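Observations on the model geometry
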Amino acid sequence: MHRRYFPEDFIWGAATASYQIEGAYNEDGKGESIWDRFSHTPGKILNGDTGDVACDHYHRFREDVKLMKELGLDSYRFSISWPRVLPEGKGQVNEKGLDFYKQLVDQLLKAGIDPAITLYHWDLPQALQEKGGWANRDTAKYFVEYANLIFKELGDVVPLWITHNEPWVVSFPGHAFGEHAPGIKNYQTALQVAHNLLLSHGMAVQSFRQLGLPGKIGITLNLTPVYPFSDNEADQKACDLQDAFINRWFLDPIFEGSYPEELHQIYRKKVGEFIIKNDDLEIINQKIDFLGINYYLRLVVKHNPDYNIFGVETVKPEGREYTEMGWEVYPEGLYDLLIRLHKDYAPEALYITENGAAYQDQIDADGRVHDQKRIAYLKAHLKNAHRAIEAGVPVKGYYIWSLMDNFEWAFGYSKRFGLIYINYDNQQRILKDSAYWYRTIIAKNYIED
Ligand SMILES: N=NNCCOCCOc1ccc(-c2cn(C[C@@H]3NC[C@@H](O)[C@H]3O)nn2)cc1
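Residues numbered from 1 in each chain as written. Predicted model: local features only at pLDDT ≥ 70, side-chain atom pairs only at ≥ 80, totals over all residues. Heavy atoms only, no water.

Put simply, the rule is: UniProt positions are given in the numbering used here, feature names are shortened, and annotations may be inferred rather than shown by experiment.
Labelled according to an unreviewed UniProt entry, the chain appears under the name Beta-glucosidase, originating from Anoxybacter fermentans. Under the UniProt heading Sequence similarities (unreviewed entry), the note attached to the chain is "Belongs to the glycosyl hydrolase 1 family." According to the UniProt record, the Catalytic activity (unreviewed entry) comment for the chain reads "Hydrolysis of terminal, non-reducing beta-D-glucosyl residues with release of beta-D-glucose."

Description of the overall build of the chain
Quick reminder of the rule: Each helix is a run of DSSP H or I of at least 4 residues and each strand a run of E of at least 2, with the numbering of both proceeding from the N terminus. It is over C-alpha atoms that the radius of gyration is taken, and the globule rule equals 2.2 Å times the number of residues to the power 0.38. Exposure is judged per residue with a 1.4 Å probe applied to protein chains only, and the accessible area is read against the type maximum: over 50% gives exposed, under 20% gives buried, and values in between give partly exposed. Contacts are assigned to residue pairs that have any heavy atoms within 4.5 Å of one another. Each accessible area is a Shrake-Rupley result for a 1.4 Å probe, and residues are judged covered by the shown protein chains and nothing else. Only four residue types enter the charge count, namely Lys and Arg as positive and Asp and Glu as negative; His and the chain termini do not. A charged residue contributes its charge at one atom only: NZ of Lys, CZ of Arg, CG of Asp or CD of Glu.
If you tally the helices and strands in the chain, you get 15 helices and 15 strands. Its C-alpha atoms give the chain a radius of gyration of 21 Å, within 12% of the compact-globule value 22 Å for 449 residues. On the principal axes, the C-alpha backbone points of the chain span a range of 55 × 55 × 45 Å. Here the chain, with 449 residues, has 62% of them falling under the buried criterion. In the chain, once contacts between residues fewer than 6 apart in sequence are set aside, the share between residues at least 24 apart is 76%. Carbon together with sulfur atoms contributes 47% to the accessible area of the chain, which is approximately 17,200 Å² in total. Of the charged side chains in the chain, 48 are positive and 63 negative; the average position of the first set lies 1 Å away from that of the second.

Some remarks on the pairing of strand S11 (residues 350-355)
Working note: regular strand, side chains alternate between the two faces of the sheet. To keep things clear, this is the line we draw: Two strands pair under a simple rule: DSSP has to find at least two bridges between them.
Among the six residues of S11, six are classified as buried, and the element is accordingly described as predominantly covered. Across four bridges, the pairing between strand S8 (residues 290-294) and S11 is parallel. Note on S11: the bridge partner recorded for Leu291 is Leu350.

As for empty space enclosed by the protein
Condition: Buriedness for pockets is judged along seven lines, at least five of which must meet protein on both sides within 12 Å for an open set on the 1 Å grid over protein atoms alone, while cavities are sets there where a 1.4 Å probe fits but cannot get out, and lining residues have an atom within 4 Å of a point. Grid points are joined across faces, edges and corners, and a volume is the space filled by probe spheres set on the points. Any residue outside Ala, Val, Leu, Ile, Met, Phe, Trp, Tyr, Cys, Pro, Asp, Glu, Lys and Arg is labelled polar, Gly included; the first ten of those are nonpolar and the last four are charged.
Summed over all chains, the structure comprises three cavities of 30 Å³ or more. Its volume calculated, the largest cavity comes out at about 60 Å³. Lining the largest cavity are Ser18, Tyr19, Glu22, Gly23, Tyr25, Lys30, Asp36, Gly51, Ser81, Arg84 and Asp123. Of the residues assigned to the lining of the largest cavity, the class counts are two nonpolar, four polar and five charged.

Quick notes on the layout of surface pockets
Space inside the largest pocket adds up to approximately 1,100 Å³. Lining the largest pocket are 37 residues; nearest its centre among them are Trp168, Val169, Pro173, Phe177 and Trp327. At the level of elements, helix H8 (167-175), helix H10 (233-256) and strand S10 (312-315) are the ones that each hand at least two residues to the lining of the largest pocket. Here the residues of the lining of the largest pocket sort into 23 nonpolar, 10 polar and four charged. In this model, the second largest pocket occupies a volume close to 320 Å³. Taken together, 18 residues form the lining of the second largest pocket, with Val226, Cys239, Asp240, Asp243 and Arg340 sitting closest to its centre. The set of elements that each furnish at least two residues to the lining of the second largest pocket consists of strand S7 (226-228), H10, helix H11 (261-270) and helix H13 (332-344). Tallying contributions element by element places H10 first for the lining of the second largest pocket, with seven residues. A class-by-class count of the residues in the lining of the second largest pocket yields nine nonpolar, two polar and seven charged.

Description of the UniProt feature "binding site: substrate" (unreviewed entry) in the chain
This chain's UniProt record puts "binding site: substrate" (unreviewed entry) on Gln20, His121, Asn165, Tyr296, Trp401, Glu408 and Trp409. From the list above, the largest pocket is lined by Gln20, His121, Asn165, Tyr296, Trp401, Glu408 and Trp409. On the secondary structure map, Gln20 appears in helix H1 (residues 18-21). Ignoring anything within four residues of it in the chain, the contact list for Gln20 reads Ala54, Cys55, His121, Trp401, Asn406, Phe407, Glu408 and Trp409. Assignment of secondary structure puts His121 in the loop between strand S4 (114-120) and helix H6 (126-129). Leave out the neighbours within four places in its chain, and His121 touches Thr16, Ala17, Gln20, Arg77, Ser79, Asn165, Glu354, Trp401 and Trp409.

Overview of the sheet that holds S10
The line we're drawing: Each axis is a line fitted through C-alpha atoms, and for a helix only the stretch in contact is used; angles between axes span 0 to 180 degrees, taken between their N-to-C directions.
Spatially, the three strands line up as an open sheet ordered S7-S9-S10, and their pairing is mixed. Either end of the sheet is taken by a strand with one partner, and the two such strands are S7 and S10. Strand-to-strand, the axes of this sheet are offset by a mean angle of 45°, without reference to chain direction. Of the pairings in the sheet, the one linking strand S9 (residues 299-303) to S10 comprises four bridges and is antiparallel in character. When the bridges of S10 are listed, His303 appears paired with Val312. Each of S7, S9 and S10 touches H10; the most contacted strand, S9, lies at about 130° to it.

Printed below as a string of structure tokens:
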């Protein structure tokens, strides 16, 4: 067996997000979020699930940190619920909410686990949505005020900061397709949202620098490598357009200070303008310390003039494996993506801030969860991350999505991504076989293939 050793200082982590695990949706002064509102709206979430209780992490965080320590995690990536600390999104601070995160960070540090904080993981205060939400440029200003509050409270002990998680998902499923909160179906609004999210990212990085904090700051993007169904020119063109739609629309402004021109032209013609003010792109193009990437799947596309505004149709290759999300298992796509990012954008450092799979997990007669498919998925993706590191790509860490089963947005609790199985009837935590497997990988710092 070939041993693939990771760099000595490689960071082994796991990730969660506030709305997906905390529960206590209206406790201790927390304000309503757009996901509280969306999940309470009939018909939006499978089985009528909500994040009202979730994994009850708000009350069980000490037990959960103990489990992280048992796994030997170097780092734990979690998000802060903006309305838990600022119930109205701005102004009055909810000290009890802030105190929860200070206690969580304190427990992590005592356990020898580095906190990695995502400032925005989709749960916008509803009070700000009432003022237009991310379509309103003022929200960028309110985001920086919120970020500064957290920077000042935790900035001296938290080494890794992520401004936003997956702005593409916030913008398009949230504001063009209507499948995520706030459930808007307006493409032009989605483009303005994407811009204001990026602007808020740049402004927050500027503020982080001005505060002279010791940690590193970056952004996490869901990046999906796109492959043409055939080598004919039309399919190749479709591939380039889909790549611009999902990946370059965020990568180019961040790393080059400009939007992809061809796609911008298509949007001008078929969707309409969105407001960019004079030095916006300069602010967005702030130097970042790392790029976080969430990798799950690849897309294969072909040209179909009738399919959507791009004339791009995604296809599902035959004979391939798919996860419970319907996402193709394509570990090589992680290698291809990392090589491309290194070549085209050369980020100073990269963290895989999410990688994982939903499978049909069940508790067997022996009381264990034998999630062999997940172990195979994770191992194959780690192999490809290692290949990229050997090729010179500065991948500094890997966070499994997710530490525990949780609320998978529009799919509710029907999709299990966790290393830890959650029995939602009694909130019991059960380490799956993949958790024990990951513990040995962390301890040995190598995989065998
Ligand atoms: N292209 N056209 N689409 C047309 C229809 O799309 C509508 C829906 O779209 C999407 C696309 C992607 C996602 C998604 C989910 N995760 C997993 C989470 N990552 C952050 C963490 O919270 C995990 O739970 N990653 N990505 C969701 C919805």
